[in-house]
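Read off the chains here:
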Amino acid sequence: MTKPGTPGLTARVRAIPRMIGAVMRGRYTGLGKSKLAMMGLGVVYILSPIDVIPDFLVLVGVADDFGVFLWLFGSLLGESGRYLDHEREVIQGRLES
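These notes cover the structure that comes with them. (Residues numbered from 1 in each chain as written. Predicted model: local features only at pLDDT ≥ 70, side-chain atom pairs only at ≥ 80, totals over all residues. Heavy atoms only, no water.)

Quick notes on the nonpolar core
With 13 residues, the main nonpolar core has Met19, Val23, Tyr28, Leu31, Met39, Leu76 and Tyr83 as its most contacted residues. Counting only elements with at least two residues in this core, the list comes to α1 (9-25), α2 (33-47) and α3 (58-96). Top element by residues in this core is α1. It accounts for five residues. Discounting chain neighbours no more than four positions away, the residues touching Met39 are Leu31, Trp71, Leu72, Ser75, Leu76 and Glu79. (Core = buried A, V, L, I, M, F, W, Y, C linked by side-chain atoms within 4.5 Å. Buried < 20%, exposed > 50% of the residue type's maximum accessible area, 1.4 Å probe, protein only. Helix = DSSP H or I, 4+ residues; strand = E, 2+ residues; numbered from the N terminus. Contact = heavy atoms within 4.5 Å.)

Have a look at this one:
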């Protein structure tokens, strides 16, 4: 994300809904539906009041939620960056045709 010419944080975050839609419609195969489902489970886990490690165990209980959040955030930003590259290639392909 810090390399020159790569999409910034805002562009990546804004691309996430488009990426999910493209995956669901089969227009983007760079992200499998199984990984997208795992990301969805990550969101459910973070939002769910039921945890593997209960939150009343303050440091450990919050750490598992934070770990899932970090994985989810990193995965979404990485995948959305690749999706933006894909979009750029598709647009360039259309312009060259």
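Description of α1
Spanning 17 residues, α1 covers 25 Å between terminal C-alpha atoms, matching the ideal 24 Å at 1.5 Å per step. The sharpest bend along α1 measures roughly 35° and falls at Ile16, with the proline Pro17 sitting one to four residues further on. Taken residue by residue, α1 has Arg12, Ala15, Ile16, Met19, Gly21, Ala22 and Val23 as its buried positions. (Expected span 1.5 Å × (residues − 1). Bend = angle between axes of the 7 residues up to and from the residue.)

Some points on the pattern of salt bridges
This model, assessed by the stated rule, comprises four salt bridges. Here Arg18 and Glu87 are joined by a salt bridge, their closest N and O atoms 3.0 Å apart. Here Arg18, found in helix α1, pairs with Glu87, found in helix α3; they are 69 residues apart in sequence, far enough to count as distant. Using a relative accessible area of 38% as the deciding quantity, one classes Arg18 as partly exposed. The salt bridge partner of Lys35 is Glu79, with a shortest N-O separation of 3.2 Å. Taken together, the residues span a long stretch of sequence, with Lys35 in helix α2 and Glu79 in helix α3 at a distance of 44 residues. Connected through salt bridges with shared partners, the residues Lys35, Glu79 and Arg82 form a single ionic network. (Salt bridge = Lys/Arg side-chain N within 4 Å of Asp/Glu carboxyl O.)

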